[in-house]
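In case you want the letters, here they are:
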Amino acid sequence: MTLKQAFEDQAGHCVALGSPFMGQLMNVLARDWPADSALGRKFASVAGDVGPMGASLPLRIAGGLHALVLQRKSPQLAAVYPPNSASDADLSAAVLDAMKTHEAFLMDWTNHAPQTNEVRRSAALIAGARVAAQRFNMPFHLSELGASGGLNLMWDHYALEIEGHHFGPNMSTILLSPEWTGAMPPSVQPRIEKRRGVDLNPLDPTRPDHLMRLMAYLWADQPERLSLTRSAASVMDVKVQQGDAIDWLAKHLPEQPQGCLHLIQHTVAWQYFPADAQARGKALIEAAGKRATPNRPLAWLSMENDGESNKGAALTLRMWPGDITLNLGRADFHGRWIDWQYKG
């Protein structure tokens, strides 16, 4: 995939996920990318997949440009960013000027892969965890792989509302209300006794500079995502550990105490692990599942691309003892809708 194709491909994904501005920005960059600039040469030197499933260069530069707006470093760029609108020509002129004026900032920014911590994915985690809690009536030890800033480790602090039905804390200021089809999730409320997460490059949302980085990768014409991220950061009480997810998992799987359910979760993260890491991780979890007992059970909750991304992500819950796999349904990658198929 060429860089131009990567921008065009990302434009389609952004429009499908409800961001016409990002679609416009990606198409402008596909057409007017400054190949002879330092940024252009840097991007041209990247080997392998530069698109959404690889280095994700389009989202790297988009995040850097949004950071300039959020930090008020470029009034000219802010003038063509939402809530304002601009023609392709005006957007292109402002973007190219910002890339030239703030070249050093963007050269540094784009060294890092995009990190989003989409809080709305917690709606799927809340529902899936209730299925596990329905089967195992005991406190949870929660582990998240590829946790980024850890905001989705805090899902028990968020409220889920579905067609007038309320799940979660009554006083929560963080309300998730996806378009929902299917039966209601179980009413049982999970109890999290301990939570922890791991990421190769974790961010700390309680730090203003780290929170800004998380928000920069959100899309400027979707202010509700920005607001949810700020609110979720305000209840954050766990620090994500730095490390390889599978090495970390191998260390922590044996630590589960009696009388607790160990729930492993991940959302749109597994697909970015190398194939050998995925195989090792699956083998580790399955081996731990074989050792599980009714007083020391294990559950694996995932929201991941299963090759049918045009239908959203697959929601799957696997539980031991018994090695039971439940296909819970499908969810929009940004959590805007959930097609819940579980009827138990």
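This write-up is about the structure you can find in this document. Worth saying up front: this structure is predicted, and the values here are computed from it rather than measured.

Concerning the pattern of salt bridges
Line of reasoning, step 1. Under the defined criterion, the tally for this structure stands at 15 salt bridges.
Line of reasoning, step 2. Taking the shortest distance from any N to any O, the salt bridge between Arg-330 and Asp-306 comes out at 2.8 Å. Taken together, the positions of Arg-330 in strand β11 (residues 324-331) and Asp-306 in the loop between β9 (298-304) and β10 (313-320) put the pair 24 residues apart, joining distant regions of the chain.
Line of reasoning, step 3. The exposure class assigned to Arg-330 is buried, which follows from its relative accessible area of 14%.
Line of reasoning, step 4. The exposure class assigned to Asp-306 is partly exposed, which follows from its relative accessible area of 40%.

Remarks on the pairing of strand β12 (residues 337-340)
Line of reasoning, step 1. Side chains Ile-338 and Trp-340 of β12 all project onto a buried face; the interleaved residues Trp-337 and Asp-339 project onto a face where none is buried.
Line of reasoning, step 2. Bridge count between strand β5 (residues 179-181) and β12: three bridges; the pairing is parallel. By the bridge assignment for β12, Trp-180 is matched with Ile-338.
Line of reasoning, step 3. Direction of pairing for β11 relative to β12: antiparallel, over a ladder of three bridges. Following the sheet pairing, Ala-331 is matched in β12 by Ile-338.
Line of reasoning, step 4. Remark: five residues form the turn of the hairpin made by β11 and β12, two consecutive strands paired antiparallel; Gly-335 in that turn has positive phi of roughly 75°.

Some thoughts on the packing of aromatic side chains
Line of reasoning, step 1. Tallied over the full model, the rule gives nine aromatic pairs.
Line of reasoning, step 2. Pairing Trp-33 with Phe-43 gives two aromatic rings, centres 5.0 Å apart and planes at 25°, and the pair type is stacked. One end of the pair, Trp-33, is in the loop between α2 (20-32) and α3 (38-44); the other, Phe-43, is in helix α3, and ten residues separate them in sequence. For the pair formed by Trp-33 and Phe-43, the shared burial category is buried.
Line of reasoning, step 3. Within the aromatic cluster, the residues linked to one another by ring pairs are Phe-7, Trp-33 and Phe-43.
Line of reasoning, step 4. Cation over ring: Arg-213 sits above Trp-109, and NZ or CZ is 3.8 Å from the ring centre.
Line of reasoning, step 5. The ring of Trp-219 has Arg-225 lying over it, and the distance from NZ or CZ to the ring centre is 5.2 Å.

Quick notes on the rules
- Residues numbered from 1 in each chain as written.
- Predicted model: local features only at pLDDT ≥ 70, side-chain atom pairs only at ≥ 80, totals over all residues.
- Heavy atoms only, no water.
- Salt bridge = Lys/Arg side-chain N within 4 Å of Asp/Glu carboxyl O.
- Helix = DSSP H or I, 4+ residues; strand = E, 2+ residues; numbered from the N terminus.
- Buried < 20%, exposed > 50% of the residue type's maximum accessible area, 1.4 Å probe, protein only.
- Pairing = 2+ DSSP bridges.
- Phe/Tyr/Trp six-rings, centres within 6.5 Å; stacked < 30°, edge-to-face > 60°.
- Lys NZ or Arg CZ within 6 Å of the ring centre and 35° of its normal.

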